[in-house]
Each structure stands twice: as C-alpha cells, then as structure tokens.
Amino acid sequence: MRVLIAPNAFRGGPGARWVGEALASGLVRTGSVDSVVTIPLSDGGDGALDIAAELVGGTRVQTTAEDPLGAPVSADYLLTDDGTAFVETARASGLQLVAARPRQPLVANTTGTGQLIAHAVGRGATRVVVTAGGTASVDFGAGALAALGVRFLDSADRLLTPTPRDLVHVRRVDTGPAVELLRDVRVEVLSDVFTPLLHNIERFGAQKGITPPDAVVLYGMLDALLAAFGRQDDTLLAEPLLGAGGGLAAGLRAAFAAPVSHGGEFFASLAGLAGQIERADLVLTAEGRFDRGSWDGKIPGLVATMARKQGKRVVIITGELAVPVGDLPSGVHCVELGLEPPTPGNAETAERRHAFERAALSALDHGATPHAS
C-alpha cells in the first residue's frame, strides 16, 4: 500500500512537518505499508512560513514587530534569492500571540504584519507574498496599511489610530506614502479561507472575542473604510477570499490592487500534490480541529476534495471532530487523537507523538470502513 500524508499545522500545536513525520513513523512500524510520502502543507494560516521555507528555500529574517495589542514580539519572515519575501500574518498578528490575554477586538490590529512587510522591502524584496490567516483582529488590514504609510483621517483631517474603535470615524484615506514605498514592489495575498469580507465577523467573530455590541462597531468600521476608499459597491464585501486575515486581504486589495488567491491551492500546486495523490492508495491529512469551516479552504477539506476526485480513500486525523460522523462525505473518514489541547511549549512531546502514531494505525484500519471515527 502506498500512503500519502498531507497535513496542516495544528494551531497552537505541532507544525505540519512534525505531524507528518509522527504519522509516517506509525505507518512504517506496521510493516504493511510499501511506501509513505509526506508533504506538509499550509492554507496560508499558522505555519505557512515553515512550508514556504521547505518548498522554496530562502533565509529567515528575524526582527521585532508589534503583536495584535501593541506589545513587542519577535517575528520572522522568509527572503528568497529572487527577491521574494513571504510574510506570515500569524507571526506578528496571530491569535495565538494573545491567547493568554483578554480579547480586545476593538483594539486588535495588524500593525506588526505591516512592519514585517516594510522590513522586507527595506531588505530589498521586490515581491511580497502575504499569507493572510490566523489573525486576532478584524481591522481590514488597517494596522498593516498604517505601518506601510497609509494615513486614516477623520472629518477634520485628524490622524486616526488604525484600531476599529477609531476607524469608525474615518472619512478619508491617504495612500500616497505607502504607494511610493511599494512603487517597485508587487504585493500578493494568499488567503486561508474562501470567506468573503461580508461574512468574516459572523464566521470567525467568536474565536476573536467579538460580542454583539463589538460587531456593530466593526460593521460600522467596514462601512466607513469602504466609503473612504471609494469602494461602496459590493465588490470588496462579496468577493470570495477577501475576508481572510480579518479583512487584511480586502485592505491590501483596496490600497494596492493586490491579487488575492487561495493559500492551500498555492502550496498544493508548489508541492505537486495532485500527482502525489494520483500515485497513492490512501491519503491522510490532518488539522487540529475539523468542523464545517474545514471545507472552506482549509487543508483537510482541500486534500479530501482533490483525493475524492481521483477516487482515493481519505482519512482525516484531528484533535477534535466538530461535525457529525454521518455528515462526512462518502470515502472520507476520521480519526480523533483523544488529546487535550497542548499548553505552550508542550506541543511536540513524546506522548503526543505516540498519539499520532496510534492514530496512523487506526487510519489504516478505518480507511476502508465507511464513516469510521
């Protein structure tokens, strides 16, 4: 039997490479598998930088940026020999950075991501690929835009901070300094979900601590920003992919006409995933939590969809299955790890590795059994 393992990173947990190697170890021990191929993937959210480094190489550049609530955080990006920089939004603006602090959705912003982009440009990057996913904020990318030189002004032409609670008052946007900074730079966005901006808050608001009163403010901010950018039509609101990163994808599109594509498809193509699926008898994929949103651009949904089109069996390894087993499509099965979520610094222990190895064995047993869990 030929097995392909194509996992995602687990948010707040082990990286995709570690997950893949742990699953492969479990399969090899059985002696019943002829070959195992491991292709770590990313949808553009947490762990995207590690996958980019594996697939294209380059140099990690370390610097200090602001986290979603303005505290300093050490963050890195990837700079390749051809002048391409990969900036993972979650490195400086990620939800995991504020996991131990109270959520502040009217303050949280993506300033740190903009600082990483600016740093990369200062190092000579002529192309910046921003992986927009896993953010703690819904700020339309205003923090990142401000860090690049965009000015948000109220009706009296006073400069506003790039926080949602202030941006409800925006009436004019000056992109001039930022456009000049990026004059010879191409900015591209990789979204981790297909969700349009219009549905971002309802889909991801709970994990970011957004209450109903907060949502009113955030929708007001979006209306004000769209008007200030002269984009009051439905284009930015309704277009798929632009809700990623709390609207960061939409903000970069509005300010710089940045092209936006799907991160999972980008990395899958770069890794030659379709060809590897064709050669496999069984396909394993993995993610920390599998829910209905996993079909909206997340790696397990993408891998499962591609494998089913080729008539391959698929088993999803997950820390938590949040959909009824009976709702899984034909040919797609699931194995839960049975582990508590990891604490900081406790994501890649021997105990957790053994759990992944056991899950791989279960995947072999359950792979041919409809709706196994």
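Residues numbered from 1 in each chain as written. Predicted model: local features only at pLDDT ≥ 70, side-chain atom pairs only at ≥ 80, totals over all residues. Heavy atoms only, no water.

Trainee: Before we move on, could you go through the overall build of the chain and cite the residues and values that matter?
Mentor: The helix and strand tally for the chain stands at 15 helices and 13 strands. Seen through its principal axes, the chain has C-alpha atoms that stretch 70 × 45 × 35 Å. The burial tally for the chain puts 55% of its 373 residues in the buried class. Within the chain, counting contacts between residues at least 6 apart in sequence, those at least 24 apart form 73% of the total. (Helix = DSSP H or I, 4+ residues; strand = E, 2+ residues; numbered from the N terminus. Buried < 20%, exposed > 50% of the residue type's maximum accessible area, 1.4 Å probe, protein only. Contact = heavy atoms within 4.5 Å.)

Trainee: So what about the nonpolar core? Which residues, and what values?
Mentor: Side chains of nonpolar character tend, in soluble globular proteins, to be buried together. Of all hydrophobic cores here, the largest spans 61 residues; its most connected members are V128, F140, F152, V170, L252 and F256. The contact partners of V170, leaving out residues within four places of it in the chain, are F152, L153, L160, A224, L225 and A228. Counting residues in hydrophobic clusters, the runner-up holds 24 residues, among them V3, F10, L339 and A363. (Core = buried A, V, L, I, M, F, W, Y, C linked by side-chain atoms within 4.5 Å.)

Trainee: Go over helix α9 (residues 212-228), please, and point to the residues and values.
Mentor: The first and last C-alpha atoms of α9 sit 24 Å apart over 17 residues, in line with the 24 Å expected at 1.5 Å per residue. Residues of α9 that are buried: D214, A215, L218, M221, L222, A224, L225, L226 and A228. On its buried face, α9 is in contact with β7 (151-153), α6 (164-167), β8 (172-174), α8 (200-204) and α10 (235-238). Taken from the residues just after α9, G230 is the one with a positive phi, measuring 70 degrees. (Expected span 1.5 Å × (residues − 1).)

Trainee: Hey, could you go over the packing of helix α1 (residues 16-30) against helix α15 (residues 350-366) for me, with residue numbers and the actual values?
Mentor: The geometry of α1 relative to α15 is characterised by a closest axis approach of 8 Å and an angle of 55 degrees between their N-to-C directions. As far as their axial angle goes, α15 and α1 are oblique. Every pair of crossing elements has a handedness; the one defined by α1 and α15 is right-handed. Of the residues in α15, those touching α1 at W18, V19, E21, A22, L23, S25, G26, L27, R29 and T30 are R352, R353, F356, E357, A360, L361 and L364. Its residues assigned to classes, the contact of α1 with α15 comprises nine nonpolar, three polar and five charged. (Axes fitted to C-alpha atoms, helices over the stretch in contact; angles between N-to-C directions. Parallel < 35°, antiparallel > 145°, perpendicular 65-115°, else oblique. Left-handed = near helix turned anticlockwise from the far one by under 90°. Nonpolar A, V, L, I, M, F, W, Y, C, P; charged D, E, K, R; others polar.)

Trainee: Just give me the short version of the pairing of strand β4 (residues 72-79), but keep the residues and values in it.
Mentor: Burial of β4 is extensive: six of the eight residues sit out of reach of the surface. Pairing analysis gives eight bridges linking strand β3 (residues 59-66) to β4, with the strands arranged antiparallel. Considered in β4, the bridge of V61 is made with Y77. Once β3 ends, the chain turns through five residues before running back antiparallel as β4, passing G70 with a positive phi of about 95 degrees. Of the strand pairs in this sheet, β4 and strand β5 (residues 84-88) are connected by two bridges, and their pairing is antiparallel. Of the residues in β5, the one forming a bridge with L79 is A85. Where β4 folds back onto β5 in an antiparallel hairpin, the turn is made up of four residues, including G83, whose phi is positive at roughly 85 degrees. (Pairing = 2+ DSSP bridges.)

Trainee: Give a detailed account of a nonpolar patch on the surface, specifying residues and quantitative values.
Mentor: Together, L55, V56 and L270 make up an exposed nonpolar region whose accessible area comes to about 210 Å². Tracing the chain through its elements places L55 in helix α2 (residues 48-56). (Patch = residues over 30% accessible without salt bridge, like charges linked within 9 Å, V, L, I, M, F, W, Y side chains within 5 Å. Areas by Shrake-Rupley, 256 points an atom, 1.4 Å probe, with all protein chains shown as cover. Salt bridge = Lys/Arg side-chain N within 4 Å of Asp/Glu carboxyl O.)

Trainee: Describe unusual backbone geometry, with residues and values.
Mentor: Trans is the common state for peptide bonds, and a negative phi is the common state for residues other than glycine. Even without a glycine there, the phi angle at F140 is positive, about 65 degrees. At D157, a position not held by glycine, the phi torsion is positive, near 65 degrees. Examined against the element boundaries, D157 turns out to sit in the loop between β7 and α6. When its relative accessible area of 44% is taken as the criterion, D157 is described as partly exposed.

Trainee: How would you explain the packing of aromatic side chains if you had to name every residue and give the values?
Mentor: One pass over the structure, following the stated rule, counts six aromatic pairs. Ring centres 5.9 Å apart and planes at 45 degrees place the aromatic pair F140 and F229 in the tilted group. Of this pair, F140 sits in the loop between β6 (127-132) and α5 (142-147) while F229 sits in the loop between α9 and α10, and the two are 89 residues apart along the sequence. Both residues of the pair, F140 and F229, belong to the buried class. Ring geometry for F266 versus F267: centroids 5.2 Å apart, planes at 85 degrees, classification edge-to-face. Three or more aromatic residues joined by ring pairs form one cluster here, namely F10, W18 and F356. (Phe/Tyr/Trp six-rings, centres within 6.5 Å; stacked < 30°, edge-to-face > 60°.)

Trainee: Residues and numbers for the sheet that holds strand β13 (residues 332-336), please.
Mentor: Backbone hydrogen bonds are what pair the strands of a sheet, in a parallel or an antiparallel way. Spatially, five strands are ordered β2-β1-β11-β12-β13 in an open sheet, and the strand pairing comes out parallel. The open sheet is flanked by β2 (35-38) and β13, the only strands paired with a single partner. Averaged over all neighbouring strand pairs, the angle between strand axes comes to 25 degrees, with direction disregarded. The strands that α15 touches are β11 (282-290), β12 (313-321) and β13; relative to β13, the one it contacts most, it runs at about 150 degrees.

Trainee: Tell me about the environment of I317, and please be specific about residues and values.
Mentor: Its place among the elements puts I317 in strand β12. Considered as a pair, I317 and H169 are 148 residues apart in the sequence and their alpha carbons are 46 Å apart. Here I317 is in contact with F10, L23, T285, A286, E287, V335, L337, A359 and A363, once residues within four sequence places are set aside.

Trainee: Quick rundown of the side chain of D46? Include the residues and the values.
Mentor: Considering the arrangement of structural elements, one finds D46 in the loop between β2 and α2. Leaving out residues up to four positions away in the same chain, D46 has contacts with N8, A9, R11, E88, A90, Q96 and G134.

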